[in-house]
Amino acid sequence: MWPDRMPLSQGASPSLAVTNATTAPDNLDTPYYLEDYLADYRVSRAAFYRWQARGVAPRFRKLPSGHLASTRRIVGEWWDALPEAG
C-alpha cells in the first residue's frame, strides 16, 4: 500500500504526488485519468507516449469515451517497480 502522500505544491517528489484523500483504500481502484497522472507526476503528454511506445509507461486502458484511464494502485505499483537512480 502507498503511505500517506503530500501534494507537489508542498514540495513532495512525484512519488508523493497523491493527496491523503486519494490514497484511502477505496480510492486506489477508482479511475485515474491520464490528465490527472500527467499533472500529478509532472510528465508531458509527449513523454508519456514515448514511454508507452518503448513499453515502459504505466498501464492505461482506452475507455469507450476515448479517454485513457488506469488506477492509482496500478500507477503506484509501476512507480515502485522503477529502479532507483544512482
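Computed from a predicted structure; not experimentally measured. (Residues numbered from 1 in each chain as written. Predicted model: local features only at pLDDT ≥ 70, side-chain atom pairs only at ≥ 80, totals over all residues. Heavy atoms only, no water.)

Visitor: Just checking my understanding: could you explain the pairing of strand 3 (residues 68–71) for this structure?
Guide: On any regular strand, side chains alternate: one points to one face of the sheet, the next to the other face. The two faces of strand 3 match: L68 and S70 on one face and A69 and T71 on the other face are all buried. As paired elements, strand 2 (residues 61–62) and strand 3 share 2 bridges and run antiparallel to each other. Note that in strand 3 the partner of R61 across the bridge is A69. (Buried < 20%, exposed > 50% of the residue type's maximum accessible area, 1.4 Å probe, protein only. Helix = DSSP H or I, 4+ residues; strand = E, 2+ residues; numbered from the N terminus. Pairing = 2+ DSSP bridges.)

Visitor: Looking at this model, I keep getting lost on the nonpolar core. Mind explaining?
Guide: Across soluble globular proteins, nonpolar side chains show a tendency to be buried alongside one another. Among the nonpolar cores identified, the biggest contains 13 residues, and L34, Y37, V43, F48, F60 and V75 are the most heavily contacted of them. Of all the secondary structure elements, the ones that give two or more residues to this core are helix 1 (34–41), helix 2 (45–54) and helix 3 (72–81). Broken down by element, the residue count for this core peaks at 4 residues, all from helix 1. (Core = buried A, V, L, I, M, F, W, Y, C linked by side-chain atoms within 4.5 Å.)

Visitor: Help me understand the sheet that holds strand 3, please; the structure alone is not making it clear to me.
Guide: What links the strands of a sheet is backbone hydrogen bonding, and the strands pair in either a parallel or an antiparallel sense. Taken in spatial order, the 3 strands make up an open sheet running 1-3-2, and their pairing is antiparallel. Single-partner strands in this sheet number two, and they are strand 1 (31–33) and strand 2. Here helix 3 sits on the sheet and contacts strand 1 and strand 3; the angle it forms with strand 3, its principal contact strand, is near 75 degrees. (Contact = heavy atoms within 4.5 Å. Axes fitted to C-alpha atoms, helices over the stretch in contact; angles between N-to-C directions.)

Visitor: I tried to follow unusual backbone geometry on my own but got confused; where do I start?
Guide: Its identity is not glycine, yet R42 carries a phi of approximately 50 degrees, on the positive side. In this fold, R42 is placed in the loop between helix 1 and helix 2. For R42, a relative accessible area of 60% translates into the label exposed.

Visitor: What am I meant to see in the packing of aromatic side chains here?
Guide: When we look at a pair of aromatic rings, we describe it by the centre distance and by the angle of the planes. Inspection of every chain in the model, using the stated rule, returns 10 aromatic pairs. The interplanar angle of 65 degrees and the centroid separation of 6.0 Å between the aromatic rings of Y37 and F48 together place this pair among those described as edge-to-face. Here Y37 is found in helix 1, whereas its partner F48 is found in helix 2, with 11 residues between them in sequence. Across the pair, F48 and Y37 agree in class, each one buried. The interplanar angle of 35 degrees and the centroid separation of 6.1 Å between the aromatic rings of W51 and W78 together place this pair among those described as tilted. With W51 in helix 2 and W78 in helix 3, this pair connects stretches of sequence that are 27 residues apart. Its relative accessible area of 25% is what places W51 among the partly exposed residues. For W78, a relative accessible area of 14% translates into the label buried. (Phe/Tyr/Trp six-rings, centres within 6.5 Å; stacked < 30°, edge-to-face > 60°.)

Visitor: I keep staring at helix 3 and nothing clicks. Help me out?
Guide: Taken residue by residue, helix 3 has R72, V75, G76 and W78 as its buried positions. Burial along helix 3 is one-sided: seen end-on, the buried residues are contained in an arc of 160 degrees. Set apart from the buried face of helix 3 by more than 90 degrees, the exposed residues are D80 and A81. Of the surrounding secondary structure, the elements contacted by the buried residues of helix 3 are strand 1, helix 1, helix 2 and strand 3. (Arc of directions from axis to C-beta.)

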